[in-house]
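What follows is the residue order along each chain.
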Amino acid sequence: MDSPEVWQIWARTLQRNHLMGFVITLLEGAAPVRTIISQTLLGISPFFTNSVTRSLSAFAETLDNEKECRDFASFLETEIQHEQR
């Protein structure tokens, strides 16, 4: 899956659940917490359907990659700015 395409889906889900601010904070700062959340997501993913499992695994991989975290946080911030217009 292409990152921007997946990120759009994640952004809509986060927006719908009012989690954008929390996730941006998580992505920008809490490295030890990101590792714990990443491992938790990988641990619980077998209990979901294939499409959810793929998405959880992709998000876990994003959390484990510092550059991807920064890029996704920037993407989310851009999405918030677009919505406010």
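Residues numbered from 1 in each chain as written. Predicted model: local features only at pLDDT ≥ 70, side-chain atom pairs only at ≥ 80, totals over all residues. Heavy atoms only, no water.

Asker: Before we move on, could you go through the overall build of the protein chain and cite the residues and values that matter?
Answerer: Each helix and strand counted, the protein chain has 5 helices and 0 strands in total. Going from N to C terminus, the protein chain has its helices and strands arranged as α-α-α-α-α. By the compact-globule yardstick of 12 Å for 85 residues, the protein chain fits well, its C-alpha radius of gyration being 12 Å. Projected onto its principal axes, the C-alpha coordinates of the protein chain cover approximately 40 × 25 × 25 Å. Looking at the protein chain residue by residue over its 85 residues, the buried ones come to 31%. Of the contacts formed within the protein chain by residues at least 6 apart in sequence, a portion of 66% connects residues at least 24 apart. (Helix = DSSP H or I, 4+ residues; strand = E, 2+ residues; numbered from the N terminus. Rg over C-alpha atoms; globule rule 2.2 N^0.38 Å. Buried < 20%, exposed > 50% of the residue type's maximum accessible area, 1.4 Å probe, protein only. Contact = heavy atoms within 4.5 Å.)

Asker: Outline the packing of aromatic side chains, supporting the account with residue identities and numerical values.
Answerer: Considering all chains together, one arrives at 6 aromatic pairs under this definition. Where W7 meets F75, the ring centres are 5.6 Å apart and the plane angle is 50°; that geometry is what we call tilted. In this pair, W7 sits in helix α1 (residues 3-16) while F75 sits in helix α5 (residues 66-84), placing the two residues 68 residues apart along the sequence. Across this residue pair, the class does not change: W7 and F75 are buried. Both rings, one in F72 and one in F75, keep their centres 6.3 Å apart while their planes meet at 15°; by these two values the pair is stacked. Here the residue F72 and the residue F75 both occupy positions in helix α5, the gap between them amounting to 3 residues, near one helical turn. Judged by its relative accessible area of 0%, F72 is buried. Members of the aromatic cluster, connected to one another through ring pairs, are W7, W10, F59, F72 and F75. (Phe/Tyr/Trp six-rings, centres within 6.5 Å; stacked < 30°, edge-to-face > 60°.)

Asker: Give me helix α4 (residues 50-64): which residues, what numbers.
Answerer: Here α4 is 15 residues long and its end C-alpha atoms lie 21 Å apart, about the 21 Å a rise of 1.5 Å per residue gives. Within α4 the residues assigned to the buried category are T53, L56, F59, A60, T62 and L63. Buried-residue contacts for α4 involve α1, α2 (20-28), α3 (31-44) and α5. (Expected span 1.5 Å × (residues − 1).)

Asker: Pulling in residues and values, what's your account of the confidence of the model for the protein chain?
Answerer: As a general rule, the predicted coordinates of low-pLDDT regions are not to be interpreted in detail. Predicted confidence across the protein chain gives a mean pLDDT of 89, with 96% of residues reaching 70 or more. Here α1 is the element of the protein chain with the lowest mean pLDDT, 88, and α3 is the one with the highest, 92. (pLDDT = per-residue confidence, 0-100.)

Asker: Could you give an account of the nonpolar core, with specific residues and numbers?
Answerer: Ranked by size, the top nonpolar core spans 20 residues in total, and within it V23, L27, F59, F72 and L76 carry the most contacts. Secondary-structure elements contributing two or more residues to this core are α1, α2, α4 and α5. Contacts of V23, omitting those with residues within four sequence positions, involve L14, F59, F72 and L76. (Core = buried A, V, L, I, M, F, W, Y, C linked by side-chain atoms within 4.5 Å.)

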